[in-house]
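# Summary of the model geometry
Chain residues, written in single-letter form:
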Amino acid sequence: MSENNSIIKVRGLVKKYNGVEAVRGVSFDVYSGEIFGFLGPNGAGKTTTINILCTLLGYDSGSVAVNGFDCRKSSHEVRSSIGLVFQEITLDNQLTAYENLKFHSYMYNMERKTTKIRIEELLEVVGLTARRNDLVREFSGGMKRRLEVARGLLHRPKVLFLDEPTLGLDPQTRKHVWSFIEKTRKKFGNTVFMTTHYMEEADVCGRVAIIDNGKIIACDSPEELKKSMKGETIYLKTADNERAARELKEKFKLEAKVIDGGLSFNVAGGEKFIPRLFEGMGVEINSISLKRPSLEDVFIHLTGREIREETASPRSRTRGPGGPRGMGRGRG
Amino acid sequence: MFSYKAVYVIVMREFKRFFRQRGRFIVSMVRPLIWLFIVGAGFTKIIDVGEGADYIQFILPGIVGMTILFSSIFSTISVVWDREFGFLREMLVAPVSRVTIVVGKLLSGTALAVFQGTLLLFIAPILGLDVGVTDFLAMIFLMTMLALAITALGLFVAPFLTSLEGFNVIMNFIVLPMFFLSGALFPISAIPRAIRFLSFINPLSYGVDSFKHVLLPAGGRLTPEMPIVLDIAVIAVFAIIMTFSAAIVFDKKK
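I will try to describe carefully the structure that is included in this document. Since the model is a prediction, treat every value here as computed from it, not as a measurement.

Attention shifts here to the interface of chain A and chain B. Listed as interface residues are 28 residues of chain A and, on the opposing side, 26 residues of chain B. Where chain A abuts chain B, roughly 2800 Å² becomes buried across the two surfaces, and 56% of that area is made up of carbon and sulfur atoms. Broken down residue by residue, the surface that chain A buries against chain B is led by F103, Y106 and M107 of chain A, which jointly contribute 26%. Run the count over chain A and chain B and you get six salt bridges. Between E88 of chain A and R89 of chain B there is a salt bridge; the shortest N-O distance is 3.3 Å. Run the count over chain A and chain B and you get 15 residue pairs in polar contact (both at pLDDT 80 or more). Only α2 (75–81) and α3 (97–107) of chain A provide two or more residues apiece to the side of chain A that touches chain B. Among the elements that line the side of chain A that touches chain B, the one with the most residues is α3 of chain A, at six residues. Among the residues forming the side of chain A that touches chain B, the class breakdown is twelve nonpolar, nine polar and seven charged.

See the structure below:
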């Protein structure tokens, strides 16, 4: 894809909070019609970037354009061309699903006739037609999310922004939301820009930018990023990690990283390597596992640490980690 | 970009919410009745006013003023509420100007307050007050002015409140003193000299006084204390200043 195809163009973006750089010279393009993901730990600068793109936040230097409009000079045009789904729920609990959508249509100055048709159409797509006249406070977290996506698409934006769209949802609901984001993209042809710190979610994207400490450290399709890892990842727990790491270096010329009280390294042809490892090592091996590279491994490889649940911004509530422990979105 | 459609839908939303929050609706209807028929009726028995208005009649303008005060302030708390629950962001990212949102909140707060004040006016005949059509229309006009002024004041304060807890502080340190110092329950001349200036910098005093001009019969001890022209002028100036201040603060603070 070429440059002229980009619907979002960011060059040398810098944003400081009280003199500290939260976003440190970020440049990227998002192409029309793709799902683009911003992957990184909390506090990496994802939400800051998305807020700048949505004109909710100013910036210190660089240039940002969405749909050909400068985010600073033409914020109105930018706002008209985008739809937003925030990290936290931004629906009115005391209005019905239909009323929430209707409110939105008035705020975006939509024509009355098309509004009605589109609301019905979107409610159908998100599977909330039967619940259209129910108050939103009676909805589950997943239903609220779906309604928000529907609302974000109501005015037919060129770009749909999703800030951690499945944060705090259980794995099943999460899958449901993804399939439905993909479904609406196919139907309406909008570009999707999303931030996430879930690896599985990044896998849904056409291209992923990995962001850490306010900088983009890699940007490519998930497949290419994984291919760059070369081989498989082996995770090893031994009686003496230090000695094991030394032996790996001397006998197999492998650089291992200490992670979670074990060792992790990459090796081509991992399955065949394991027997050789057992023969060659002088240290007792307690456990061993082999993994095809995931985006998580790419991240670990690039940054030397895992994407962890770090302290979130004070606004956002408890962040459920992936898996069944995931918390409800609260504030029902 | 200013959008009338957006103003309209913001007002509609506030009305829907008002009628859906049963508790809020009932409290706002019952509170003035408690003041009138318990406090007012009780004091009427022990206060000898001689000629002119009875005590229970005297406090009706004050209770209308109180209703407008509480309703207007509570409406603006919805800004804090909206921020707390995220809905404010839905409005802020829409392609409309901040002024649109301020105007929407201002009109909805005003309209809700006037609506409640108007319902109270229907009690006037029960209290033996003679309210004709012209008086009624004059009251609507005066109530709108006062509601506008106080809603604007609330909108000016709301962006500084970072949480709903701040609302309690506002209630106790601003709203209640405003009510008690307004001449709603006793004439301003009865307030100790040392703190009487507080009554004169209180916009509600002028609103309540203007209501007294319309609702109370002439003569007796309990009468309006300021010229009505002064009442209207002060409220109008206050409303204008507060509206602009609110718009500016809202634009700056998010």
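Bringing unusual backbone geometry into the picture now. Residue and element names in this part refer to chain A. The backbone of N109 shows a phi angle near 50°, a positive value even though the residue is not glycine. Relative to the elements of secondary structure, N109 occurs in the loop between α3 and α4 (112–125). Not every positive phi belongs to a glycine, and K253 is a case in point at roughly 55°. Relative to the helices and strands, K253 is located in the loop between α9 (241–252) and β12 (257–259).

A full pass over the atoms with the stated rule returns 29 salt bridges over all chains. The salt bridge involving D134 of chain A is made with R131 of chain A; its shortest N-O contact spans 2.5 Å. A salt bridge links D203 of chain A to K226 of chain A; its shortest N-O distance comes to 3.0 Å. With D203 of chain A in helix α7 (residues 199–203) and K226 of chain A in helix α8 (residues 222–227), this pair connects stretches of sequence that are 23 residues apart. Assessed through its relative accessible area of 36%, D203 of chain A is described here as partly exposed. Counted as one network, the salt bridges with shared partners bring together D92 of chain A together with R13, E14, R17, D82 and K105 of chain B.

All names here are of chain A. Spatial strand order, β12-β13-β11-β14: four strands in an open sheet with antiparallel pairing. A strand with exactly one partner marks an edge of an open sheet, and here the two such strands are β12 and β14 (285–291). Each strand axis lies, on average, 30° off the axis of its neighbour in the sheet, ignoring direction. Looking at chain direction, strand β11 (residues 232–238) and β14 are connected through six bridges and run antiparallel. Paired with T233 across the bridge in β14 is K291. Strands β11, β13 (262–267) and β14 of the sheet are contacted by helix α10 (residues 270–280), whose axis makes an angle of about 165° with β14. On top of the sheet, helix α11 (residues 295–303) reaches β11, β12, β13 and β14; it is set at about 120° to β12, its chief contact.

Cut-offs and rules
- Residues numbered from 1 in each chain as written.
- Chains lettered and ligands numbered in written order.
- Predicted model: local features only at pLDDT ≥ 70, side-chain atom pairs only at ≥ 80, totals over all residues.
- Heavy atoms only, no water.
- Contact = heavy atoms within 4.5 Å.
- Buried area = accessible area lost by both parts, 1.4 Å probe.
- Salt bridge = Lys/Arg side-chain N within 4 Å of Asp/Glu carboxyl O.
- Polar contact = N/O pair within 3.5 Å; in protein donor to acceptor, adjacent residues only side chain to side chain.
- Helix = DSSP H or I, 4+ residues; strand = E, 2+ residues; numbered from the N terminus.
- Nonpolar A, V, L, I, M, F, W, Y, C, P; charged D, E, K, R; others polar.
- Buried < 20%, exposed > 50% of the residue type's maximum accessible area, 1.4 Å probe, protein only.
- Pairing = 2+ DSSP bridges.
- Axes fitted to C-alpha atoms, helices over the stretch in contact; angles between N-to-C directions.

Keep in mind that these numbers describe shape and distance, not what the molecule does.
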